[in-house]
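The primary structure of each chain is shown beneath.
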Amino acid sequence: MSSVKLFDLHRIFDKLDKNGDGLVSLEELMWLLDSIGVHANQDELELLIGKKSLDPIDFVFFHDLVMKGYNLDQSKKLKEKEEDSLLVKDLAKAFEVFDSNGDGFISSEELESALCRLGLWDGGKDCRSMINAYDTNSDGKLDFEEFKNMMLVSNF
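Residues numbered from 1 in each chain as written. Predicted model: local features only at pLDDT ≥ 70, side-chain atom pairs only at ≥ 80, totals over all residues. Heavy atoms only, no water.

The protein chain is annotated in an unreviewed UniProt entry as Probable calcium-binding protein CML44 from Coffea arabica.

This is the structure we're talking about:
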């Protein structure tokens, strides 16, 4: 980055910092983006920059992101991908709780045993029918994908 650009960015920063606190708030940044035709809501902007205000150095980095074509849709997709990854990891840990013999499947016996250990078994439902409801390949047990589907679509 040339010194002229850096100087210009500092000038822009100073103009945006209306209250003189040495920070550009999300509101001040949104005003700038709106005025140049980039429309974003405050949540999207905070997701992108990761904080509620920018100091001069962060402002330069934000400028570089924008100039490299990084957009809010990419930020949303990245955040969703991270959340999905965390969810899959959590589900894998939960799967291990139910798959007591570690064979990669949950049988109706393992399901009942785990529910009893967790204090969630009331004896009212038959575990075989619970397994069968999500057993897409009809092998009588749940693999991880079937378990994931069960946990994501039901009020188990």
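Some thoughts on the overall build of the protein chain
For the protein chain, the helix and strand inventory stands at eight helices and two strands. Along the chain direction, N to C, the helices and strands of the protein chain fall in the order α-β-α-α-β-α-α-α-α-α. Burial statistics for the protein chain: of 156 residues in total, 29% are counted as buried. A separation threshold of at least 6 residues defines the contact pool for the protein chain, and within that pool the share at least 24 residues apart is 47%. (Helix = DSSP H or I, 4+ residues; strand = E, 2+ residues; numbered from the N terminus. Buried < 20%, exposed > 50% of the residue type's maximum accessible area, 1.4 Å probe, protein only. Contact = heavy atoms within 4.5 Å.)

As for the packing of helix α6 (residues 108-117) against helix α7 (residues 127-134)
What describes two packed helices is the angle between their axes and the distance between those same axes. Axis separation between α6 and α7 bottoms out at 8 Å; the angle between their running directions is 115°. As α6 runs across α7, the sense of the crossing is right-handed. Where α6 abuts α7, its residues S108, E109, L111, E112 and L115 lie against C127, R128, M130 and I131. Across the contact of α6 with α7, the residue classes tally to five nonpolar, one polar and three charged. (Axes fitted to C-alpha atoms, helices over the stretch in contact; angles between N-to-C directions. Left-handed = near helix turned anticlockwise from the far one by under 90°. Nonpolar A, V, L, I, M, F, W, Y, C, P; charged D, E, K, R; others polar.)

Section: the packing of aromatic side chains
Scanning all chains against the criterion turns up four aromatic pairs. The ring of F105 carries K141 above its face, with NZ or CZ at 4.6 Å from the centroid. (Phe/Tyr/Trp six-rings, centres within 6.5 Å; stacked < 30°, edge-to-face > 60°. Lys NZ or Arg CZ within 6 Å of the ring centre and 35° of its normal.)

Things to note about the nonpolar core
Core analysis: the largest hydrophobic core is formed by 16 residues, its most contacted members being L29, L45, I49, L54, F59 and F62. Broken down by secondary-structure element, the contributors of at least two residues to this core are α1 (3-16), α2 (26-35), α3 (42-49) and α4 (56-67). Setting aside residues no more than four positions away along its own chain, F62 makes contact with L29, L33, L45, L48, I49 and L54. Counting 13 residues, the second-largest nonpolar core is a separate cluster that includes L91, A114, C127 and M130. (Core = buried A, V, L, I, M, F, W, Y, C linked by side-chain atoms within 4.5 Å.)

Thoughts on α3
Three- or four-residue spacings in an α-helix give side chains the same orientation, since the helix completes a turn every 3.6 residues. Regarding α3, the residues found buried are E44, L45, L48 and I49. The buried residues of α3 occupy an angular sector of 120° when the element is viewed end-on, so they sit on one face. At the N-terminal end of α3, a side-chain oxygen is found 3.0 Å from the backbone nitrogen of D43, two or three residues along, and the residue is N41. The positive-phi residue at the C-terminal boundary of α3 is G50, with phi of around 80°. (Arc of directions from axis to C-beta. Polar contact = N/O pair within 3.5 Å; in protein donor to acceptor, adjacent residues only side chain to side chain.)

Structural notes on α2
Every buried residue belonging to α2 is among L26, E28, L29, M30, L32 and L33, and all of these are buried. Where α2 ends, the next residue or the one after it, G37, has phi of about 90°, a positive value.

A closer look at the confidence of the model for the protein chain
In this model, the protein chain carries a mean pLDDT of 81, and residues with pLDDT of at least 70 account for 85%. Taken element by element, the predicted model of the protein chain shows its lowest mean pLDDT in helix α5 (residues 72-98) (75) and its highest in strand β1 (residues 24-25) (92). (pLDDT = per-residue confidence, 0-100.)

Considerations on a nonpolar patch on the surface
Together, L87, L152 and V153 line one region of the surface with nonpolar side chains, adding up to about 270 Å² of accessible area. Mapped onto the fold, L87 is located in helix α5. (Patch = residues over 30% accessible without salt bridge, like charges linked within 9 Å, V, L, I, M, F, W, Y side chains within 5 Å. Areas by Shrake-Rupley, 256 points an atom, 1.4 Å probe, with all protein chains shown as cover. Salt bridge = Lys/Arg side-chain N within 4 Å of Asp/Glu carboxyl O.)

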